[in-house]
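# Observations on the model geometry
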Amino acid sequence: GQSLEQPSEVTAVEGAIVQINCTYQTSGFYGLSWYQQHDGGAPTFLSYNALDGLEETGRFSSFLSRSDSYGYLLLQELQMKDSASYFCAVNGDTDKLIFGTGTRLQVFP
Amino acid sequence: EADIYQTPRYLVIGTGKKITLECSQTMGHDKMYWYQQDPGMELHLIHYSYGVNSTEKGDLSSESTVSRIRTEHFPLTLESARPSHTSQYLCASRDRLRGVNEQFFGPGTRLTVL
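Remember, predicted model here, so these are calculated numbers, not experimental data. (Residues numbered from 1 in each chain as written. Chains lettered and ligands numbered in written order. Predicted model: local features only at pLDDT ≥ 70, side-chain atom pairs only at ≥ 80, totals over all residues. Heavy atoms only, no water.)

### Structural notes on the sheet that holds strand β1 (residues 4–7) of chain B
All names here are of chain B. Spatially, β1-β3-β8-β7 is the arrangement adopted by the four strands of the open sheet, whose pairing is antiparallel. Of all strands in the sheet, those with a lone pairing partner are β1 and β7 (64–66), marking the two edges. Direction aside, neighbouring strands of the sheet carry axes that sit 15 degrees apart on average. Relative to strand β8 (residues 76–78), β7 runs antiparallel, the two sharing three bridges. For Ser-64, the partnering residue across the bridge sits in β8 and is Leu-78. (Pairing = 2+ DSSP bridges. Helix = DSSP H or I, 4+ residues; strand = E, 2+ residues; numbered from the N terminus. Axes fitted to C-alpha atoms, helices over the stretch in contact; angles between N-to-C directions.)

Shown next, in the form of structure tokens:
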């Protein structure tokens, strides 16, 4: 089967750094994406890694290791507004995304 | 700014009713998707479309159907709603020139079937 595993919940304080891991097992792999979803809101695209290494976008960075079937999302200088659920997603073929189980991040003052 | 709309936002309906969830986008995207998401859970793909007159079933078995008569419009229909259909339904689209990874999502329809 195909699966993407993430921790169910992560907590941190404002200003801290947090890492959300994602391990995947899929029949195909073209890339790993990350989405943010606030309670009651729509998922919004954050980042994408097709190749090994680190991609940085402002306070957020995403890392991929294809050989380990592993990636992570790194959030720096945490703010209260970063409290949300974060989903990793794999496109195992060119037209579909498979989403992970989601990680709920709670940021405390 | 993504322009993708879903109506209704909330719907409470009785068992056995036929319902259609609307999704429209003004970005001219060819690819469109429907996902089902239970609270706090992952998104499951139930239908997708490559373009006009193209529809495909997703990975999650669903009793719903979709149509794509116009590029901007991708409605989802449940012929006979059941309590097991209670969930949030999210519509998404993407530009065919960009990867499948960057999808734009609508605000969702939260469906409750009594």
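There is more to say, and it comes next.
### Details of the sheet that holds strand β1 (residues 3–5) of chain A
Residue and element names in this part refer to chain A. In spatial order, the strands read β1-β3-β8-β7-β6; together these five strands make up an open sheet with antiparallel pairing. Pairing within the sheet leaves two strands with one partner each, and these edge strands are β1 and β6 (53–57). Pairwise comparison of adjacent strand axes, ignoring direction, gives a mean angle of 15 degrees for this sheet.

### Thoughts on the state of the cysteines
Overall, the coordinates contain two disulfides over all chains when judged by the stated rule. Shown here is the disulfide that connects Cys-22 of chain A with Cys-88 of chain A, its sulfur atoms set 2.1 Å apart. Across the S-S bond linking Cys-22 of chain A and Cys-88 of chain A, the dihedral sits near 75 degrees, which makes this disulfide right-handed. With Cys-22 of chain A in strand β3 (residues 18–25) and Cys-88 of chain A in strand β9 (residues 84–93), this residue pair connects regions lying 66 residues apart in the sequence. Taking relative accessible area as the criterion, Cys-22 of chain A reaches 0% and is therefore assigned buried. There is a disulfide in this structure between Cys-23 of chain B and Cys-91 of chain B, and the S-S distance comes to 1.9 Å. The chirality of the disulfide connecting Cys-23 of chain B with Cys-91 of chain B is left-handed, given an S-S dihedral of about -75 degrees. Of this pair, Cys-23 of chain B sits in strand β3 (residues 19–25) while Cys-91 of chain B sits in strand β9 (residues 87–94), and the two are 68 residues apart along the sequence. For the pair formed by Cys-23 of chain B and Cys-91 of chain B, the shared burial category is buried. (Disulfide = S-S within 2.5 Å. Buried < 20%, exposed > 50% of the residue type's maximum accessible area, 1.4 Å probe, protein only.)

### Re the pattern of salt bridges
As enumerated under the stated definition, the model contains five salt bridges over all chains in all. Linking Asp-39 of chain A and Arg-104 of chain A is a salt bridge whose minimum nitrogen-to-oxygen distance equals 2.9 Å. Here the residue Asp-39 of chain A occupies a position in the loop between β4 (31–37) and β5 (44–49), and Arg-104 of chain A occupies one in strand β11 (residues 103–108), the gap between them amounting to 65 residues. For Asp-39 of chain A, a relative accessible area of 58% corresponds to the exposed category. Residue classification places Arg-104 of chain A among the partly exposed positions, given a relative accessible area of 36%. The partner of Arg-70 of chain B in a salt bridge is Glu-72 of chain B, with the nearest N and O atoms 3.1 Å apart. (Salt bridge = Lys/Arg side-chain N within 4 Å of Asp/Glu carboxyl O.)

Everything listed here is a matter of coordinates, which is why it stays silent on function.
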